[in-house]
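# Structural overview
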Amino acid sequence: MESLKAEGVEHIFGIPGGANLPTYDALVDAQLRHIQVRHEQGGGHAAEGYAKASGRVGVAFATSGPGATNLVTAIADAMMDSVPTVFVTGQVRTELIGTDGFQEADILGATLPFVKHSFQATDPRQIPEYVHEAFHIAPTGRPGPVLIDIPQDLSRAEIEYAPRTEPVDLAGYKPSTGGNVKQIRIAAKALANARRPVLYTGGGVVNANASEELRELAGADRFPVTSTVMGLGAFPASHQQWLGMLGMHGTRAANYAMDEADLIVAIGARFDDRITGKLSEFAPAAKFIHIDIDPAEISKNIPVHIPIVGDAKQVLPKLTREYRALQTDPSRLDAWRKQIHAWQEEYPLHYEPGEDGEIKPQFMIEAMHRATEGDAIVTSDVGQHQMWAAQYYGFDRPRRWINSGGLGTMGFGLPAAMGAKIACPGEAVVCLAGDGSLIMNCQELATCVNEEIPVKVFLMNNGYMGMVRQWQELFWDRRYSAVEMGPSPDWVKLAEAFGATGMRCEDAADLEEMMAKALETDGPVLLDVRVSPEENCFPMIPAGAAARDMVG
Amino acid sequence: MCSVVGVMMEAGTPELVKLEELRVPGQLSGRKHILSILVENKPGVLARIAGLFARRGFNIDTLAVGPTDDPDISRVTLTLDGAVHPIGQVTKQLHKLINVLKIRDMEPEETVAREMAMFKVSSAVENRAEIIQFAEIFRAKIIDVSRRTMTIEVTGSAEKIEAFERMIRPHGLIEMVRTGEIAIVRGSA
Ligand SMILES: Cc1cc2nc3c(=O)[nH]c(=O)nc-3n(C[C@H](O)[C@H](O)[C@H](O)COP(=O)(O)OP(=O)(O)OC[C@H]3O[C@@H](n4cnc5c(N)ncnc54)[C@H](O)[C@@H]3O)c2cc1C
Ligand SMILES: Cc1ncc(C[n+]2csc(CCOP(=O)(O)OP(=O)(O)O)c2C)c(N)n1
Ligand SMILES: [Mg+2]
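Residues numbered from 1 in each chain as written. Chains lettered and ligands numbered in written order. Predicted model: local features only at pLDDT ≥ 70, side-chain atom pairs only at ≥ 80, totals over all residues. Heavy atoms only, no water.

All names here are of chain A. A grouping of Glu352, Glu355, Asp356 and Glu358 is seen on the molecular surface, where their side chains present a negatively charged patch. Residue position: Asp356 is located in the loop between helix H14 (334-346) and helix H15 (361-371). Given the relative accessible area of 83%, Asp356 is considered exposed. (Patch = residues over 30% accessible without salt bridge, like charges linked within 9 Å, V, L, I, M, F, W, Y side chains within 5 Å. Areas by Shrake-Rupley, 256 points an atom, 1.4 Å probe, with all protein chains shown as cover. Salt bridge = Lys/Arg side-chain N within 4 Å of Asp/Glu carboxyl O. Lys, Arg positive; Asp, Glu negative; His and termini not counted. Charge placed at Lys NZ, Arg CZ, Asp CG, Glu CD. Helix = DSSP H or I, 4+ residues; strand = E, 2+ residues; numbered from the N terminus. Buried < 20%, exposed > 50% of the residue type's maximum accessible area, 1.4 Å probe, protein only.)

Quick look at the structure:
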């Protein structure tokens, strides 16, 4: 406990059990706020939401066995999206390990493939040491989840805690952050020679808190900027040079620009297959500069010409300085700017407006933007609603958009919103939920009520697991299979049963006003918004196709 | 520490880097690699390495683990095929394991590599002399003899052991045990 406090931990999400009873006993006297969640997965995602909103390490506790295995999805999610988190699990007593003891699960073994690192204590004196090491590893370099598994007898032992005086120094862990100066110089020169450059940015820019530095680089020659779904907000969507998101559900302007670019500068982005589509046809004309803090990301999916390993926050200003020093002629980019502008004019995001009060999902996102003045922290579940939000909300600031991209975990939104609200109590926090997703972790409404966490859930209720339905419609001959949600539950009643406020909106004319009302209402609110059931999310690049073959 | 792959061109000249001239190096070397990996002697380290290989679809050909002169550090020596695995990617992934301290992709010319193997062969009276002769040629040792079998210890490069195996197999190979290669850099390094 003392070591956690020494690390500045103020909030912990979790559920107690036999194996972590001693830890929970210590919580009684600790000056920490423990948020008692209703399912360990919720606790794990709450820790993620907390970390993504604030940049601080999120912490979740679970007991041994089922408590620990319930955390697994959240741990995997944190790994995929590089979220700085520390998970502390109870374990059976040391002498029972390996005997299939009551509530024993080899959580260390189970999570090996998706932790940044993990520890199992074998001596009580290791516990504070491991805590400090975990808080060193989780947020530095490429962030990720660290697991500490503590057998019950060890967490029970009394030890003297001597506060750490030295910073943690691990022989096998020295992330390099500065970027190789020579490589940066070469990159600047390549950029100076480019005629069709694009800055392809990602979650790494958010993690690096390098929005300002990105804007500086982009401003050096008004370079066009696009971003993955993970990087939204790092570059303002209202900016003139903004192309919109790229990838499977990105804008045509962004994807066409990638397709025709002669130089792509990837910054904290990892060439995910939702971006590259068909690898052999990805950005066929381009050379690549890749700035990433994780050397293993370089040339993992796409062979890179100029790699720069380092922290975007440190590398970008150096690159901007080198570039400016070259004093290139900005007019060489005029034709490219004109081309991009033409794409933007010709292919804006668009949808057929609803008639007779029908609420189009895209309209719902636009209404949400107006009701929140474009400045809420928005968490999301996974599906069509997630992509519409990414397309239509227009994030202007980083850490305002919190979603599960890599693992794509349905049920992420509500617990993540809880975590974000705890981290940023002064901000409006909205969970944009899908009806298929929300039910997966709806138990956390009880947490919101009991712990007085006033998140607002705007449910995009299309009656379907819409994203899967869309694929069945488009690629499987409209043979719908297991995608209808049916009439259950009655969301308003469900919200009320939990002690939250439930509201429903079925008419586009009322929507913005109801959202405003939900935002003004004290405590947690669930607003059930009935949207067009079979709207498709366009444009899209069909799986395995190339960018120029976008449909819709 | 992080191996940076990519263009290796001099900065400065020419004044601007011409995009057409940028190249990426090939990812596959086409030869066998011996990786010598120093790891912290902590529980689960081997599971982390093995798990990483399994998950990323890297195939280990041989694997040998043992102590070093420092009791806190162990050495893992493994061989894998650079014709199918991008070795750069393999070593970078290994480096991400916190308990991995140092990785050396051993250069063939600078490296002495050895492996030990034991062969149990059936030895009737009539071929016993021939087997002993093979053993002598290969500077192998006969370490056990029974009425119907002989056990032979061979030390050498993987190629030598494979050559011995080819010779002995027709005589009725009952069982073979190999340690996997270990390697050390030659004197001057
Ligand atoms: C239904 C669905 C649809 C999707 N469709 C799309 C889509 O259309 N478009 C899209 O973009 N995504 C889409 N995704 C998300 C996609 O799966 C990936 O999660 C996403 O593209 C990865 O984003 P990223 O490349 O920014 O990497 P992240 O996962 O955010 O990784 C960050 C990268 O930055 C590096 N990094 C971290 N910190 C630093 C630092 N300080 N300095 C420098 N580098 C750093 C890391 O090493 C890593 O390489 C979709 C997901 C779902 C669930
Ligand atoms: C835990 C989990 N199970 C299954 C999936 C596969 N999946 C992806 S999107 C989706 C549908 C989501 O439905 P909903 O939350 O209603 O969102 P919509 O697409 O309708 O907006 C499903 C089932 C997933 N991503 N996560
Ligand atoms: Mg739905």
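That covers the picture; the talk isn't over yet.
So, about empty space enclosed by the protein. All names here are of chain A. Counted according to the given criterion, the structure contains three cavities of 30 Å³ or more. Of the pockets and cavities examined, the largest cavity occupies roughly 60 Å³. Along its surface, the largest cavity is lined by Leu246, Asn255, Met258, Asp259, Ile275, Phe282, Ala283, Ile541 and Ala547. Class assignment of the residues belonging to the lining of the largest cavity gives a composition of seven nonpolar, one polar and one charged. (1 Å grid on protein atoms, 1.4 Å probe; cavity = no way out; pocket = protein on both sides within 12 Å on 5 of 7 lines; lining within 4 Å. Points joined across faces, edges and corners; volume = space filled by probe spheres on them. Nonpolar A, V, L, I, M, F, W, Y, C, P; charged D, E, K, R; others polar.)

Here the focus is the interface of chain A and chain B. A common way to express how large an interface is: the accessible area buried when the components associate. The interface of chain A with chain B comprises 36 residues on the first partner and 34 residues on the second. Across the chain A/chain B interface, buried area totals approximately 3,000 Å², and carbon plus sulfur atoms make up 62% of it. On the surface where chain A and chain B come into contact, there are one salt bridge. Taking the shortest distance from any N to any O, the salt bridge between Asp294(A) and Lys96(B) comes out at 2.6 Å. In this assembly, chain A and chain B are joined by eight residue pairs in polar contact (both at pLDDT 80 or more). Secondary structure elements with two or more residues in the side of chain A that touches chain B: strand S5 (117-120), helix H8 (181-193) and strand S12 (306-309) of chain A. In terms of residue count, the dominant contributor to the side of chain A that touches chain B is H8(A) (seven residues). A breakdown of the residues in the side of chain A that touches chain B according to their chemical character gives 20 nonpolar, eight polar and eight charged. (Contact = heavy atoms within 4.5 Å. Buried area = accessible area lost by both parts, 1.4 Å probe. Polar contact = N/O pair within 3.5 Å; in protein donor to acceptor, adjacent residues only side chain to side chain.)

Attention shifts here to helix H21 (residues 491-498) of chain A. Structurally, the α-helix is built with 3.6 residues per turn, so residues lying three or four positions apart point the same way. Residues and elements named next belong to chain A. Those residues of H21 lying buried are Trp491, Val492 and Ala495. Each buried residue of H21 sits inside an arc of 105° when the element is viewed along its axis, so together they form one side. Away from the buried face of H21 by more than 90 degrees, exposed residues Lys493 and Ala497 are located. Where the residues of H21 are buried, they touch helix H18 (435-438), helix H19 (444-450), strand S16 (456-461), strand S17 (501-505) and strand S18 (525-530). For H21, the side-chain oxygen to backbone nitrogen distance between the N-cap and Val492 is 3.1 Å, and the N-cap itself is Asp490. Two residues or fewer after H21 comes Gly499, characterised by a positive phi angle close to 95°. (Arc of directions from axis to C-beta.)

Attention now moves to the coordination of the magnesium ion (ligand 3). All names here are of chain A. With distances of 2.0 to 2.2 Å, the protein atoms coordinating the magnesium ion (ligand 3) are Asp435 (OD), Asn462 (OD1) and Tyr464 (O). Sequence spacing of the donor residues for the magnesium ion (ligand 3), all on one chain, is D-x26-N-x1-Y. Of this pair, Asp435 sits in helix H18 while Asn462 is found in the loop between S16 and helix H20 (466-475), placing the two residues 27 residues apart along the sequence. The two residues Asp435 and Asn462 agree in class, both being buried. (Donors = N, O, S within 2.8 Å, 3.2 Å for Na, K, Ca; no water.)

Residue and element names in this part refer to chain A. Under the counting rule described, the total for this entry stands at 38 salt bridges over all chains. A salt bridge links Arg142 to Glu297, with the nearest nitrogen and oxygen atoms 2.8 Å apart. Here the residue Arg142 occupies a position in the loop between helix H6 (126-137) and strand S6 (145-151), and Glu297 occupies one in the loop between strand S11 (287-292) and S12, the gap between them amounting to 155 residues. For Asp528, the salt bridge is made with Arg504, and the minimal N-O distance between the two is 3.0 Å.

In this structure, the second largest pocket encloses a volume near 1,000 Å³. Considering the residues around the second largest pocket, the lining is formed by 39 residues, among which Met79(A), Arg142(A), Asp294(A), Gln93(B) and Lys96(B) are closest to the centre. Elements that contribute at least two residues to the lining of the second largest pocket include exactly helix H4 (66-80) of chain A together with helix H1 (45-56) and helix H2 (87-95) of chain B. Per-element tally for the lining of the second largest pocket: the top contributor is H1(B), with five residues. Looking at side-chain class alone, the lining of the second largest pocket contains 18 nonpolar, nine polar and twelve charged residues.

Residues and elements named next belong to chain A. The environment of ligand 1 is made up of 35 residues, and the closest members are Asn207, Thr228, His249, Arg270 and Asp292. Note that an oxygen atom of ligand 1 is positioned 3.0 Å from one of the backbone N or O atoms of Val229. Separating an oxygen atom of ligand 1 from a side-chain N or O atom of Asp272 is a distance of 3.4 Å. Relative to its unbound accessible area of 1,000 Å², ligand 1 is 96% covered by the protein chains. Elements with a contribution of two residues or more to the shell around ligand 1: helix H9 (203-207), helix H12 (273-276) and helix H16 (384-392). A per-element tally of the shell around ligand 1 places H9 first, with three residues. Looking at the shell around ligand 1, you find at least three residues from each of domain 2 (181-346) and domain 3 (361-530). (Near = heavy atom within 4 Å. Domains from an automatic or database assignment.)

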